[in-house]
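Spelled out, the chains give:
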Amino acid sequence: MKYLIKAVLGLVHLLTFGQLKYSRPVEGNALYMSAGEKFWWGYKFFGHPIKEPERGKGIREHFQANPPEGFTGVGESESAVEGLPSITLGLAGDILPCPDLHNNPPKLLGDAIDFFGAADIRCANLESPVFAAKPLCAPTDDITAPPEMNNSPEALALLLQKAGQSNGLTVLTTANNHSMDQGVEGLVATLDLLDELQVLHVGTARSTEERDALLLVDVQGFKLAFLSWTYSLNNKSLSDGQGHLANTLRLNLPDVDLSPITAQVAEARQRGADFVILCLHWGLENEKFPLASQIEKAHRLCESGVDIICGNHPHTTQPAERYTWVEQQGDREVQRESLILYALGDFISPLAHLNLSSVTNMVETLLVRGVDGRVVIQDVTIKPLYAC
């Protein structure tokens, strides 16, 4: 069946002379997909990824004008940060179940580990449950039967070992469209395993109290808040009384109410967070640019108090930007800066056959506490790597 689907979509591509190359504002949520959206998803998956942004929105020009560089931090010169407290934060993309992980994937060796593993604190997205009672299940090139993904405890332990877990703190976000692939039992087993491995986690929770506790981490005197939300749970939804299991919000809708997230941001600040990292599982798979509505929502979230937005889900890298905005403090206006990473791509993936999934980005940010006590971004380094 998959070969027939692939052939039909290839024929459509030829008959339209490749004009289906622009992003379009759909939700991409499996639970609400129309037949047309399913066609669009399959078209992208089977060899026709979308490399052009929405037409008429000025998206390419926006990113050209706002590159993820030039952060003023506490000053433009190196001498400005001498003697000031600082830490490094490493960010990476989605960790999918990968049958070849035990074969020492090259990207986990050498300078990649020196880059990511040396950070004072690291964060990536765990894209599937890790449920020892069930076999490993990785995605394939067959879209006729969506995978109920599952990773293995051995693979995760090996990855953490190679990524330098013993050298610093690791945070794994767990809110994504595969969070419920192994049901409530698999979700809980995943959190239990992460606790056993001494890995911090956020995005899914075993109870309302655990969800509401938020994840605030003290790193050498820097109090960092990590928040994690997903746009979907694929074909599943949470019933009454299960809302704590995963932070879900239909983030790809242009008019979605963002108050559940901004309330968490405000709560984190109230509890003393110096710096807020918001990890969002959102956007459209196999597309090189975010939607115009995503950019607008990202800006609103930054203005609510988010310092870094780290996006994932599209299985490819997407642009990043330095967003400058003005905060009103009484009768004063203060310029602020936030970093928005719309999608980092797959950190670990068996999907290298998708030509946009062959590259991932790792990011290191230098955070500095200024003389006024505020923690700001001083510098950003983005390192592209080939996926395993």
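The structure under discussion appears in the preceding block.
Residues numbered from 1 in each chain as written. Predicted model: local features only at pLDDT ≥ 70, side-chain atom pairs only at ≥ 80, totals over all residues. Heavy atoms only, no water.

1. Things to note about the overall build of the chain
Stage number 1. Along its length, the chain carries nine helices and 13 strands.
Stage number 2. By the burial criterion, 54% of the 388 residues in the chain qualify as buried.
Stage number 3. Counting only contacts in the chain whose residues sit at least 6 apart along the sequence, the fraction spanning at least 24 positions is 77%.
Stage number 4. As displayed, the chain offers around 16,400 Å² of accessible surface, 52% of which is attributable to carbon and sulfur atoms. (Helix = DSSP H or I, 4+ residues; strand = E, 2+ residues; numbered from the N terminus. Buried < 20%, exposed > 50% of the residue type's maximum accessible area, 1.4 Å probe, protein only. Contact = heavy atoms within 4.5 Å. Areas by Shrake-Rupley, 256 points an atom, 1.4 Å probe, with all protein chains shown as cover.)

2. Looking at the environment of Pro129
Stage number 1. Structurally, the position occupied by Pro129 is in the loop between β2 (121–126) and α5 (153–162).
Stage number 2. Apart from the residues lying within four places of it in its own chain, the contact partners of Pro129 are Met149, Asn150, Asn151, His178, Ser179, Asp181, Gln182, Gly186 and Thr190.

3. Let's talk about the side chain of Asn177
Stage number 1. Here Asn177 is to be found in the loop between β3 (169–173) and α6 (183–196).
Stage number 2. Judged by relative accessible area, Asn177 falls into the buried class, the value being 3%.
Stage number 3. Side-chain polar atoms of Asn177 contact the side chain of Asn234, separated by 3.0 Å.
Stage number 4. Of note is the side chain of Asn177, whose polar atom sits 3.0 Å from the side chain of His281.
Stage number 5. Excluding its chain neighbours within four sequence positions, the residues that come into contact with Asn177 are Glu127, Thr230, Tyr231, Ser232, Leu233, Asn234, His281 and His313. (Polar contact = N/O pair within 3.5 Å; in protein donor to acceptor, adjacent residues only side chain to side chain.)

4. Quick word on the sheet that holds strand β5 (residues 215–219)
Pairing between sheet strands relies on hydrogen bonds along the backbone, with the strands arranged either parallel or antiparallel.
Stage number 1. Read from one edge to the other, the open sheet built from six strands follows the order β5-β6-β7-β8-β10-β9, with strand pairing classed as mixed. Among the strands making up the open sheet, the edge pair consists of β5 and β9 (320–329). Averaged over neighbouring strand pairs, the angle between their axes works out to 25 degrees when direction is ignored.
Stage number 2. In the sheet, β5 pairs with strand β6 (residues 222–230) via five bridges, with the strands oriented antiparallel. Looking across to β6, one finds that Leu215 is bridged to Phe226.
Stage number 3. Taken strand by strand, helix α8 (residues 259–270) contacts β5, β6 and β7 (275–281), and its axis lies near 165 degrees from that of β6. (Pairing = 2+ DSSP bridges. Axes fitted to C-alpha atoms, helices over the stretch in contact; angles between N-to-C directions.)

5. Some details on the pairing of β6
Stage number 1. Burial analysis of β6 places eight of its nine residues in the buried class, which makes it a mostly covered element.
Stage number 2. Connecting β5 to the next strand, β6, in antiparallel fashion are two residues, including Gln220 with a positive phi near 55 degrees.
Stage number 3. With seven bridges joining them, β6 and β7 adopt parallel strand pairing. Paired with Trp229 across the strands is Leu280, a residue of β7.
Stage number 4. You can see the chain leave β6, run along α8 and come back into β7, and the turn it takes is right-handed. (Right-handed = clockwise from strand over helix to strand, strands pointing away.)

6. As for the state of the cysteines
Stage number 1. Enumeration according to the criterion identifies zero disulfides in this entry.
Stage number 2. Cys123 forms no disulfide, and the closest cysteine sulfur to it belongs to Cys279, at a distance of 3.9 Å. (Disulfide = S-S within 2.5 Å.)

7. A closer look at the environment of Pro68
Stage number 1. Structurally, the position occupied by Pro68 is in the loop between α3 (59–65) and β1 (86–95).
Stage number 2. Residues contacting Pro68, with those up to four places away along its chain left out, are Ala320, Glu321, Arg322, Leu339, Val380 and Ile382.

8. Quick notes on the nonpolar core
Stage number 1. Ranked by internal contacts, the top residues of the largest apolar core, which has 30 residues, are Leu251, Ile261, Leu278, Leu280, Trp282 and Ile309.
Stage number 2. Broken down by secondary-structure element, the contributors of at least two residues to this core are α3, β6, α8, β7, α9 (292–303) and β9.
Stage number 3. The leading source of residues in this core is α9, at four residues.
Stage number 4. Residue contacts for Leu278: discarding those within four places in its chain leaves Leu227, Trp229, Ile261, Leu301, Val306, Ile308, Ile309 and Cys310.
Stage number 5. Counting 28 residues, the second largest nonpolar core, distinct from the first, contains Ile121, Phe226, Ala320 and Leu344. (Core = buried A, V, L, I, M, F, W, Y, C linked by side-chain atoms within 4.5 Å.)

9. Structural notes on α8
Stage number 1. A rise of 1.5 Å per residue sets the reference length of α8, with its 12 residues, at 16 Å; its end C-alpha atoms lie 16 Å apart and thus fit the reference within 8%.
Stage number 2. Of all the residues in α8, the buried ones are Ile261, Gln264, Val265 and Ala268. For α8, the angular spread of the buried residues around the axis is 100 degrees, confining them to a single face.
Stage number 3. On the buried face of α8, the contacting elements are β5, β6, β7 and α9.
Stage number 4. Immediately downstream of α8, the backbone of Gly272 shows phi near 100 degrees, a positive value. (Expected span 1.5 Å × (residues − 1). Arc of directions from axis to C-beta.)

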